[in-house]
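Now for the letters of each chain:
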Amino acid sequence: MKTIYNPSEEKQSTELAIGTFAISTILFILYIVSNGNAMVLVIAWPFALGAIIVNAIMFVHLTDLFIHLSEQRKDLGVKLLILFSNIPILYFYYLVVMKS
């Protein structure tokens, strides 16, 4: 019996993208409010590394689904774009932190 893939069940990628964005934004705000306290960076860098790894795993998973499920490409493409939307925002956070 073959299982039929339903893209509406693939909510983890959107939740992951929103979750990592929210936590990163909170850490960034804490860093700015604390006037560049290095203790915030001690917490933020391990989180950032973990977020990069988990988001990369999700990217590979979504890319695999995108390749194999041609009838679901539109929905999977949107999920990939949501996952990618974190990159420029987090890069901006990185630039601000490194300049201060």
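A brief look at the structure comes next. (Residues numbered from 1 in each chain as written. Predicted model: local features only at pLDDT ≥ 70, side-chain atom pairs only at ≥ 80, totals over all residues. Heavy atoms only, no water.)

Glancing now at helix H1 (residues 12-33). With 22 residues, H1 extends 31 Å from end C-alpha to end C-alpha; this agrees with the ideal 32 Å at 1.5 Å per step. Taken residue by residue, H1 has Ser-13, Leu-16, Ala-17, Thr-20, Ser-24, Thr-25, Leu-27, Phe-28 and Tyr-31 as its buried positions. One face of H1 carries all of its buried residues, which in axial projection span an arc of 170°. Within H1, the exposed residues directed more than 90 degrees away from the buried face are Glu-15, Ile-18, Ile-26 and Val-33. Looking at the buried side of H1, the elements it contacts are helix H2 (38-68), helix H3 (73-84) and helix H4 (86-99). Positive phi appears at Asn-35, one or two residues downstream of H1, with a value of about 55°. (Helix = DSSP H or I, 4+ residues; strand = E, 2+ residues; numbered from the N terminus. Expected span 1.5 Å × (residues − 1). Buried < 20%, exposed > 50% of the residue type's maximum accessible area, 1.4 Å probe, protein only. Arc of directions from axis to C-beta. Contact = heavy atoms within 4.5 Å.)

Right, let's talk about the packing of aromatic side chains for a bit. In total, this model carries five aromatic pairs according to the counting rule given. Seen from their ring centres, Phe-59 and Phe-84 are 5.3 Å apart, and the 50° between their planes marks the pair as tilted. Of this pair, Phe-59 sits in helix H2 while Phe-84 sits in helix H3, and the two are 25 residues apart along the sequence. Given the relative accessible area of 32%, Phe-59 is considered partly exposed. Of the residues examined, Phe-84 reaches a relative accessible area of 39% and is grouped as partly exposed. Ring geometry for Phe-92 versus Tyr-93: centroids 6.3 Å apart, planes at 55°, classification tilted. For Tyr-93, a relative accessible area of 12% puts it in the buried group. One aromatic cluster is present, built from ring pairs that chain together Phe-28, Phe-92 and Tyr-93. For the cation-ring pair, Arg-73 lies above Phe-66, with the distance from its terminal atom to the ring centre recorded as 5.3 Å. (Phe/Tyr/Trp six-rings, centres within 6.5 Å; stacked < 30°, edge-to-face > 60°. Lys NZ or Arg CZ within 6 Å of the ring centre and 35° of its normal.)

A pair of packed helices is characterised by two quantities: the angle between their axes and the separation of those axes. Interaxial distance between H1 and H4 falls to 11 Å at its minimum, and their mutual angle equals 15°. One way to sum up the angle between H1 and H4 is to call them roughly parallel. Crossing angle aside, the handedness with which H1 passes H4 is left-handed. Along the contact surface, H1 presents Ala-17, Thr-20, Phe-21, Ser-24, Thr-25, Phe-28, Tyr-31 and Ile-32, while H4 presents Asn-86, Ile-89, Leu-90, Tyr-93, Val-96 and Val-97. Of the residues that constitute the contact of H1 with H4, the class distribution is ten nonpolar, four polar and no charged. (Axes fitted to C-alpha atoms, helices over the stretch in contact; angles between N-to-C directions. Parallel < 35°, antiparallel > 145°, perpendicular 65-115°, else oblique. Left-handed = near helix turned anticlockwise from the far one by under 90°. Nonpolar A, V, L, I, M, F, W, Y, C, P; charged D, E, K, R; others polar.)

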